[in-house]
Amino acid sequence: MLKVGVLISGRGSNMQALIAACDAVTFPASIACVISNKPDAKGLEHAKAAHIPTAVISHKDYADKQSFEAAIDAMFETHGVQLICLAGFMRILSPWFTEQWRDRLVNIHPSLLPAFPGLHTHRKVLDYGGKLTGCTVHFVRAEMDHGPIILQAAVPVLNGDDEETLAARVLRAEHQAYPAALRMIAENRVNVIEEKTFIADAAASGDAFYNPKS
Ligand code: GAR
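Residues numbered from 1 in each chain as written. Predicted model: local features only at pLDDT ≥ 70, side-chain atom pairs only at ≥ 80, totals over all residues. Heavy atoms only, no water.

**Overview of the packing of helix H1 (residues 13-23) against helix H2 (residues 42-49)**
Move 1: At a minimum axis separation of 9 Å, H1 and H2 run at an interaxial angle of 15 degrees. One finds that H1 runs roughly parallel with respect to H2. In the packing of H1 onto H2, the handedness of the crossing is right-handed. Here Met15, Gln16 and Ile19 of H1 come into contact with H2, specifically with Gly43, His46 and Ala47.
Move 2: Its residues assigned to classes, the contact of H1 with H2 shows three nonpolar, three polar and no charged. (Axes fitted to C-alpha atoms, helices over the stretch in contact; angles between N-to-C directions. Helix = DSSP H or I, 4+ residues; strand = E, 2+ residues; numbered from the N terminus. Parallel < 35°, antiparallel > 145°, perpendicular 65-115°, else oblique. Left-handed = near helix turned anticlockwise from the far one by under 90°. Contact = heavy atoms within 4.5 Å. Nonpolar A, V, L, I, M, F, W, Y, C, P; charged D, E, K, R; others polar.)

Below is the structure:
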C-alpha cells in the first residue's frame, strides 16, 4: 500500500477525488497526511471529515522558503509518506524540494501541457481559440508545470464556453485522471527514463490517455 501525502492550498476537490479512490478496498494507495499552506483551505475540512491527519504549514510562519519546505518535508517523513500529490497547491517549490522528492512528487495541471502553463489557464485557452484542452498529471521538476507526463485527459472547448464552464468540464476530467495516475504509480507501472514516462501495459489498457466525454 503506497502511502501518499497531499499538499493543498484551497478547495481540495482533487484531494477529495484521491481520498474517494483510496477508500476502495482494492485501491493500492492510502492518504497518510494532508498539508495546507493556508489555514482556511476548504479542503482541510474534507480531509478531517475523512479522518485523515492534517497540518497547516503556512509559508508566512517561516523566514524563508527553505525552512518552510523543510517543515513540509519533515511532516511527510513523520507520516511515512512515499509519494506526494500536489492538489491545487499554489506555491512554487524550490529545486531542493523537487530533487528531494524526484519522481515521488506529482502535480495536476488544468491544461494539456506543455500548452498553457501557469495561472488563468482556461482564460488563455479561450483567448487563443483552442478547440481541445484537458489536464495533465506529471512528475514535478523545478521548472513550473514541467516534468515527465504520466497521464493526460482531453476535453473539448465548446461554442459559448466561458472560463467557468470550461473549468468545470476540465475539473471533471481531473477527478478521473488523478486517481487513475495514482493507481498506475502505486502499481509500480510508471517508469521515468530520460525524462519520459513509460507505462507498463498502457498500450493494452489505454491507461495513459483519457478522453472523458463530459
Ligand atoms: C485544479 O484545477 C488544479 O488542476 C489547479 O488548481 C485547481 C485546484 O482545485 N492546479 C494548478 O493550476 C496548478 N498549476 P482543487 O483545489 O479543487 O483540487
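**Things to note about the packing of H1 against helix H6 (residues 163-186)**
Move 1: For the pair H1 and H6, the least separation of the axes is 9 Å and the interaxial angle reads 45 degrees. Here H6 runs oblique to H1, going by the angle between their axes. The two elements H1 and H6 meet at a crossing, and its hand is right-handed. Contacts between H1 and H6 pair Ser13, Asn14, Ala17, Leu18, Ala21 and Cys22 from the former with Leu171, Glu174, His175, Tyr178, Pro179 and Leu182 from the latter.
Move 2: Looking at side-chain class alone, the contact of H1 with H6 contains eight nonpolar, three polar and one charged residues.

**Some points on the pattern of salt bridges**
Move 1: Going through the model one piece at a time under the given rule, you end up with eight salt bridges.
Move 2: The partner of Arg102 in a salt bridge is Glu195, with the nearest N and O atoms 3.3 Å apart. Here Arg102 is found in the loop between helix H4 (95-100) and strand S5 (105-109), whereas its partner Glu195 is found in the loop between strand S8 (190-193) and strand S9 (196-199), with 93 residues between them in sequence.
Move 3: Classification of Glu195 by relative accessible area gives partly exposed; the value is 37%. (Salt bridge = Lys/Arg side-chain N within 4 Å of Asp/Glu carboxyl O. Buried < 20%, exposed > 50% of the residue type's maximum accessible area, 1.4 Å probe, protein only.)

**As for the side chain of Thr133**
Move 1: Structurally, Thr133 is set in strand S6 (residues 132-139).
Move 2: Relative accessible area serves as the criterion here: at 2%, Thr133 is assigned to the buried category.
Move 3: Excluding residues within four positions of it along the chain, Thr133 makes contact with Pro110, Ser111, Leu112, Val125, Ala153, Ala154, Val155, Val157, Leu166 and Val170.

**Concerning H6**
Move 1: Taking 1.5 Å as the rise per residue, H6 with 24 residues should run 34 Å; its terminal C-alpha atoms sit 33 Å apart, in good agreement.
Move 2: Just past H6, the residue Asn188 takes up positive phi, approximately 60 degrees. (Expected span 1.5 Å × (residues − 1).)

**Some points on unusual backbone geometry**
Move 1: Omega for the bond connecting Leu113 with Pro114 falls within 30 degrees of zero, at 10 degrees, which places this linkage in the cis form.
Move 2: By the element assignment, Pro114 lies in the loop between S5 and helix H5 (121-128).
Move 3: At Asn188, a residue that is not glycine, the phi angle is positive and equals roughly 60 degrees.
Move 4: The residue Asn188 is located in the loop between H6 and S8 in this model.
Move 5: Residue classification places Asn188 among the exposed residues on the basis of a relative accessible area of 66%.
Move 6: In the Ramachandran plot, Glu195 falls in the positive-phi region, its phi being about 65 degrees despite a non-glycine side chain.

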